[in-house]
Amino acid sequence: MELIDRDVLYHKLDSIGGCGADKDSWADGWDKAITEAIRLLEAAPIIKSDNCKNYSCYK
């Protein structure tokens, strides 16, 4: 599996979430899914790799 920079992934997720949807609407479900994806990303273990040019990466 390839590595990806955590900050890059965070910013991608953040850019597609947070539309301030009405509670219990389809869009609210989207917001909650993106929020959960960000939570999981933040909880993922960090590894150091020369392939990442000393940036934090996750696996």
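I will try to describe carefully the structure that is included in this document. (Residues numbered from 1 in each chain as written. Predicted model: local features only at pLDDT ≥ 70, side-chain atom pairs only at ≥ 80, totals over all residues. Heavy atoms only, no water.)

**Describing the overall build of the chain**
Rules: Numbering of helices and strands runs from the N terminus; a helix is a DSSP stretch of H or I covering at least four residues, while a strand is a stretch of E covering at least two. Only protein chains enter the area calculation, which uses a 1.4 Å probe; residues under 20% of their type maximum are buried, those over 50% are exposed, and those in between are partly exposed. Residue contacts are counted whenever heavy atoms from the two residues lie within 4.5 Å of one another.
Regarding its fold elements, the chain presents 2 helices and 3 strands. Each helix and strand of the chain, placed in order from N terminus to C terminus, yields the pattern β-α-α-β-β. Within the chain, buried positions represent 20% of all 59 residues. Intrachain contacts of the chain at a sequence separation of at least 6 include 54% that bridge at least 24 residues.

**A word on a nonpolar patch on the surface**
Selection rule: What goes into a patch is any residue over 30% in relative accessible area without a salt bridge, connected to like charges within 9 Å or, for nonpolar side chains (Val, Leu, Ile, Met, Phe, Trp, Tyr), within 5 Å. In these tables, accessible area is a Shrake-Rupley quantity obtained with a 1.4 Å probe, and a residue counts as shielded only by the protein chains included in the view. A carboxyl oxygen of Asp or Glu within 4 Å of a side-chain nitrogen of Lys or Arg is what we treat as a salt bridge.
On the surface, Ile16, Trp26 and Trp30 cluster together to form a nonpolar patch covering roughly 390 Å² of accessible area. Within the secondary structure layout, Trp30 lies in helix 2 (residues 26-43).

**Points about the pattern of salt bridges**
Counting across every chain of the model gives 2 salt bridges. Two residues, Arg39 and Glu36, come together in a salt bridge whose shortest N-O distance is 2.7 Å. With Arg39 and Glu36 both in helix 2 and 3 residues apart, the pair spans about one turn of that helix. For Glu36, a relative accessible area of 34% translates into the label partly exposed.

**Remarks on the packing of helix 1 (residues 6-16) against helix 2**
Where we set the bar: For every element, the axis is a line fit to its C-alpha atoms; helices are fit only across the contacting stretch, and the angle between N-to-C directions ranges from 0 to 180 degrees. Angular relationships are summarised with four words: roughly parallel below 35 degrees, roughly antiparallel beyond 145, roughly perpendicular across 65 to 115, and oblique for the angles in between. When residues are sorted by character, Ala, Val, Leu, Ile, Met, Phe, Trp, Tyr, Cys and Pro go into the nonpolar class, Asp, Glu, Lys and Arg into the charged class, and all the rest, Gly among them, into the polar class.
Contact geometry for helix 1 and helix 2: axes closest at 9 Å, N-to-C directions at 170 degrees. Considered as vectors, helix 1 and helix 2 are oriented roughly antiparallel to each other. Where helix 1 abuts helix 2, its residues Arg6, Leu9, Tyr10, Leu13, Asp14 and Ile16 lie against Trp30, Ile34, Ala37, Ile38, Leu41, Glu42 and Ala43. Within the contact of helix 1 with helix 2, the residues separate by chemical class into 10 nonpolar, no polar and 3 charged.

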